[in-house]
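Per-entry structural report
Chain residues, written in single-letter form:
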Amino acid sequence: SSGINAEYGGSGAVNHEELVELAKSAFSGLPSKSNVTRDRIASQFTGSQVIIRNDDLPLAHIALAVEGVGWTDPEFFTLQLIQILLGSWDHTMGGMNNLSSALSETIANEGLAHSYSTFMTCYHNTGIFGNYYVTTDRKVEDLTYEILKAWQTIAHNVSESEVERAKTKLQAAVLMNLDGSSQIAEDIGRQLISIGRRVPAAEIYARISDINTSDVRRVARHYLTDISPAIAAIGPLDTLPDYNQIRGWTYWNRL
């Protein structure tokens, strides 16, 4: 560690003692503590909507988000699994019936979008989670409905086989992200700043393995069911549903 909110590390064929000496000579002048006192403000997610309608644009760009988790939250990896279950897709990918995500398969087969992705952004003690999608004006309502339907399906009906497949995919992604010295060095710095320690790949692998279908449903119900989302949209939005209708789609109604 060197200075305020900064980390100095190395990966690959480096000598630890030499690295320490280089850090001392280059960064010893940096203060170890800040002289500025700051009150930590508790985060509060508020559902809201910002729309910029512009019918001259060819496509609508929409982000639909809910509150997520911070870096050290116990449900961090479970929400990552939900991110994989929701998936992503681009019209240049193809795949159709062979896509691993049920949502991406529906979107591809019905031609609902040019692209969509599932994002998960983490901060110290909170985060944002949701979907970003690009589509034509006449597909906005159908695509919004299918995305929220997928949220509720995961919360109530996700299968064990889907969860196991997502776990394998996430574990593979963790290992592939550590393929090379630069990726490992980046991972070390990110973890030390955000978590305060280096988390071994074996620990991450084991924590993902311990997640079961009930955990995924429980976390999805907590974060994706009966909530007021934040919506940001720009483009031709004539068919974007009313905010209350969108919020209503976060319910799981059974007859």
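Look a little higher up for the structure.
Residues numbered from 1 in each chain as written. Predicted model: local features only at pLDDT ≥ 70, side-chain atom pairs only at ≥ 80, totals over all residues. Heavy atoms only, no water.

**Remarks on the environment of leucine 237**
Summarising the element assignment, leucine 237 is placed in the loop between strand S6 (230-235) and helix H9 (243-248). The residues touching leucine 237, leaving out its near neighbours within four places in the chain, are Ile51, Ile52, Arg53, Asp55, Ala60, Ile62 and Asp137. (Helix = DSSP H or I, 4+ residues; strand = E, 2+ residues; numbered from the N terminus. Contact = heavy atoms within 4.5 Å.)

**Examining the packing of helix H2 (residues 76-86) against helix H5 (residues 160-176)**
At a minimum axis distance of 9 Å, the contact between H2 and H5 shows a crossing angle of 105°. The orientation of H2 relative to H5 falls into the category roughly perpendicular. For the pair formed by H2 and H5, the contact residues are Phe77, Gln80, Leu81, Ile84 and Leu85 on the first element and Glu162, Val163, Ala166, Lys167, Lys169 and Leu170 on the second. (Axes fitted to C-alpha atoms, helices over the stretch in contact; angles between N-to-C directions. Parallel < 35°, antiparallel > 145°, perpendicular 65-115°, else oblique.)

**Structural notes on the pairing of strand S2 (residues 60-67)**
As paired strands, S2 and strand S5 (residues 127-135) are joined by eight bridges and run antiparallel to one another. Counted as the bridge partner of glutamate 67 is isoleucine 128 from S5. Where S2 meets S6, five bridges bridge the pair, whose relative direction is antiparallel. Bridging across to S6, alanine 65 finds its partner in alanine 230. (Pairing = 2+ DSSP bridges.)

**Quick word on helix H4 (residues 140-157)**
Taking 1.5 Å per residue as the helical rise, H4 with its 18 residues ought to reach 26 Å, and the 25 Å between its terminal C-alpha atoms agrees with that figure. In the core, the buried residues of H4 are packed alongside S2, H2, helix H3 (102-110), S5, helix H8 (213-224) and H9. (Expected span 1.5 Å × (residues − 1).)

**Here we look at the sheet that holds strand S1 (residues 48-53)**
The strand order across the open sheet formed by six strands is S1-S6-S2-S5-S4-S3, and the pairing between neighbours is mixed. At either margin of the open sheet sits one strand with a lone partner, and together these are S1 and strand S3 (89-90). Pairing analysis gives six bridges linking S1 to S6, with the strands arranged parallel. Directly across from arginine 53, in S6, lies its bridge partner glycine 235. In this fold H2 packs onto strand S4 (115-122) and S5, with an angle of close to 175° to the strand it touches most, S4.

**Here we look at the nonpolar core**
In terms of nonpolar packing, the biggest core is built from 54 residues, with Ile62, Ile82, Trp151 and Val216 touching the most fellow members. Filtering out sequence-adjacent residues up to four positions away, isoleucine 62 remains in contact with Asn131, Tyr132, Tyr133, Val140, Ile231, Ala232, Ala233, Leu237 and Leu240. (Core = buried A, V, L, I, M, F, W, Y, C linked by side-chain atoms within 4.5 Å. Buried < 20%, exposed > 50% of the residue type's maximum accessible area, 1.4 Å probe, protein only.)

Just distances and angles here, no functional claims.
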